[in-house]
Amino acid sequence: TKTKIQSLSDFLDDPPPSVRVGNEEVAVVNDFVYLGVKISRDCKSDHEILRRLQLARSALGRLGNVWRSTKIRSGTILRVLNTCVLPVLFYGSETWTLSADMSRRVDAFHRSCLRTILGIRWHHRVRNEEILRRAGNPFPPSNIIERSRLRLLGHVARMDSGVPARRVLEAAARLPPDGWRCPRGRPRLTWVAQVSAAQALGRTLRLAQDRPGYRSWCWAATVDNIGHAP
């Protein structure tokens, strides 16, 4: 009953509703949840990000008494947010491919949580940067996600050359074969293209071999993207 079939090929436009395996009918699905992550047929992260936002909003709503309490300090409430709500949002985020729209949605949800906790309403006209400063966290969630993706890239780059994940990453670093032509239109950004946008992927893989140095580079690269100093 836990077995499903999913086609990730664009050539199979009309997959059958089910496939018989022995005496059992196995359903063919467009998406399913595996290890807590929603995997979609179009291989995009948008469906999982929207699902994570819904789960985080649900966790936020269950703690309504904490956010409305006048007896709890705002610093304590912020720690509850970072401990009980944001981990729900960030689960599996190191594998996301963030579009500009999804990045704005994730950051907007985080700012909405901070406005609720700090008692800031829209008519107060407080800038987003000031809200992050008051919360003691100058980094938006999209920046935190970028850093976690770089850490995952370094982790895979330090694996043995025979590990499948390392082989896939090395294949992505190679140039396209001769005769390959880019199809018409802007191609969709892949996870590897996003995490290696700041540097050439080959150089990033070499940097990852020095773990302490790579950690410092990840911090500097993500901080520079938002214009803050560590």
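The present account deals with the structure reproduced in this document. Per chain, residues are indexed from 1 in the order of the written sequence. It should be noted that, the model being predicted, local features are given only for residues of pLDDT at least 70 and side-chain atom pairs only at 80 or more, the latter also being counted only at that level, while totals for whole chains, interfaces and linings use all residues. Side-chain descriptors were evaluated using all non-hydrogen atoms of the structure, hydrogens and water having been removed beforehand.

## Re the pattern of salt bridges
Here is step 1: Each reported salt bridge corresponds to a side-chain nitrogen of Lys or Arg within 4 Å of a carboxyl oxygen of Asp or Glu. Considering all chains together, one arrives at 7 salt bridges under this definition.
Here is step 2: Measuring nitrogen to oxygen at the nearest pair gives 3.3 Å for the salt bridge that ties Arg-105 to Asp-101. Of this pair, Arg-105 and Asp-101 both sit in helix H5 (residues 100–118), separated by 4 residues, roughly a single helical turn.
Here is step 3: Between Glu-130 and Arg-133 there is a salt bridge, with its nearest N and O atoms 2.6 Å apart. Residue Glu-130 and its partner Arg-133 are located together in helix H6 (residues 128–134), separated by 3 residues, close to a single helical turn.
Here is step 4: By relative accessible area, which is 25% here, Glu-130 ends up partly exposed.
Here is step 5: Each member of the salt-bridge network shares a partner with another, and the members are Glu-48, Arg-51 and Arg-52. Under the DSSP-based scheme used, a helix requires at least four consecutive residues in state H or I and a strand at least two consecutive residues in state E, with every element numbered from the N terminus. Buried residues are those whose accessible area, probed at 1.4 Å on protein chains only, stays under 20% of the maximum for their type, while exposed residues exceed 50% and partly exposed ones sit between those limits.

## Remarks on the nonpolar core
Here is step 1: Nonpolar cores are built from buried Ala, Val, Leu, Ile, Met, Phe, Trp, Tyr and Cys residues. Side-chain atoms within 4.5 Å join them into one set. In terms of nonpolar packing, the biggest core is built from 26 residues, with Leu-81, Leu-89 and Phe-109 touching the most fellow members.
Here is step 2: For this core, the element with the most residues is H5, which contributes 6 residues.
Here is step 3: In terms of nonpolar packing, the next biggest core, distinct from the first, is built from 14 residues, Ala-157, Leu-169, Trp-191 and Leu-205 among them.

## Describing the packing of helix H1 (residues 46–62) against H5
Here is step 1: Axis angles are defined between N-to-C directions and span 0 to 180 degrees, where every axis is a line fitted to C-alpha atoms and, for a helix, only to the segment in contact. With their axes 11 Å apart at the nearest point, H1 and H5 run at an angle of 5° to one another. Between H1 and H5, the angle is such that the two are roughly parallel. Along its contact with H1, which presents Asp-46, Ile-49, Leu-50, Leu-53, Ala-56, Arg-57 and Leu-60, the element H5 presents Met-102, Arg-105, Val-106, Phe-109 and Cys-113.
Here is step 2: Gly is put with the polar residues, along with every residue not named as nonpolar or charged; the nonpolar set is Ala, Val, Leu, Ile, Met, Phe, Trp, Tyr, Cys and Pro, and the charged set is Asp, Glu, Lys and Arg. Of the residues in the contact of H1 with H5, the class split is 9 nonpolar, no polar and 3 charged. What sets the label is the angle itself: under 35 degrees gives roughly parallel, over 145 gives roughly antiparallel, 65 to 115 gives roughly perpendicular, and the rest give oblique. The criterion used for residue contact is that any of the two residues' heavy atoms lie within 4.5 Å.

## Some details on the pairing of strand S1 (residues 18–21)
Here is step 1: DSSP-based pairing: two strands are paired if at least 2 bridges between them are found. Relative to strand S2 (residues 24–27), S1 is paired through 4 bridges, and the arrangement is antiparallel. Within S2, the position partnered with Ser-18 by the bridge is Ala-27.
Here is step 2: The hairpin turn running from S1 into S2, its antiparallel successor, is 2 residues long, and Gly-22 in that turn takes a positive phi close to 65°.

## Side note on the side chain of Ser-103
Here is step 1: Residue placement: Ser-103 occurs in helix H5.
Here is step 2: Overall, Ser-103 belongs to the buried group, its relative accessible area being 18%.
Here is step 3: Excluding anything up to four places from it in sequence, Ser-103 contacts Leu-98 and Ser-142.

## With respect to helix H3 (residues 74–84)
Along an α-helix, a turn takes 3.6 residues, which lines up residues three or four apart on a common side.
Here is step 1: Within H3, burial applies to Ile-77, Leu-78 and Leu-81. Burial along H3 is one-sided: seen end-on, the buried residues are contained in an arc of 100°. In H3, the exposed positions that point more than 90 degrees away from the buried face belong to Arg-79 and Thr-83.
Here is step 2: Structurally, H3 contributes buried residues whose contacts are with H1, helix H2 (64–68), helix H4 (86–90) and H5. Throughout, the arc means the angular range of directions from the helix axis out to the C-beta atoms.

## Points about the layout of surface pockets
Here is step 1: Considering only enclosed or pocket space, the largest pocket measures out at about 690 Å³ in volume.
Here is step 2: In this structure, the largest pocket is lined by 25 residues; those nearest its centre are Cys-43, Lys-44, Ser-45, Thr-95 and Thr-97.
Here is step 3: For the lining of the largest pocket, the secondary structure elements donating two or more residues are strand S4 (37–40), H1 and helix H9 (191–195).
Here is step 4: The element contributing the most residues to the lining of the largest pocket is S4, with 3 residues.
Here is step 5: Counted as a void, the second largest pocket has a volume near 210 Å³.
Here is step 6: Throughout, the protein atoms alone are placed on a 1 Å grid, and a set of points is a cavity if a 1.4 Å probe fits but cannot get out or a pocket if it is open with protein on both sides within 12 Å along at least five of seven lines; lining residues have an atom within 4 Å of a point. The wall of the second largest pocket is formed by Leu-98, Ser-99, Ala-100, Ser-103, Ser-142, Glu-146, Arg-149 and Gln-194.
Here is step 7: Considering every element that reaches the lining of the second largest pocket, the biggest residue donor is helix H7 (residues 141–157), with 3 residues. Grid points are joined across faces, edges and corners, and a volume is the space filled by probe spheres set on the points.

## Notes on the environment of Leu-153
Here is step 1: As for its position among the elements, Leu-153 is in helix H7.
Here is step 2: On the basis of relative accessible area, Leu-153 is assigned to the buried category, the value being 1%.
Here is step 3: Between the C-alpha atoms of Leu-153 and Val-192, which are 39 residues apart in sequence, the distance is 8.4 Å.

## Here's the deal with the environment of Glu-129
Here is step 1: Of note, Glu-129 is situated in helix H6.
Here is step 2: Relative accessible area serves as the criterion here: at 47%, Glu-129 is assigned to the partly exposed category.
Here is step 3: Remark: the alpha-carbon pair of Glu-129 and Pro-140, spanning 11 residues in sequence, is separated by 9.3 Å.

Don't take any of this as a statement about function, it's just geometry.
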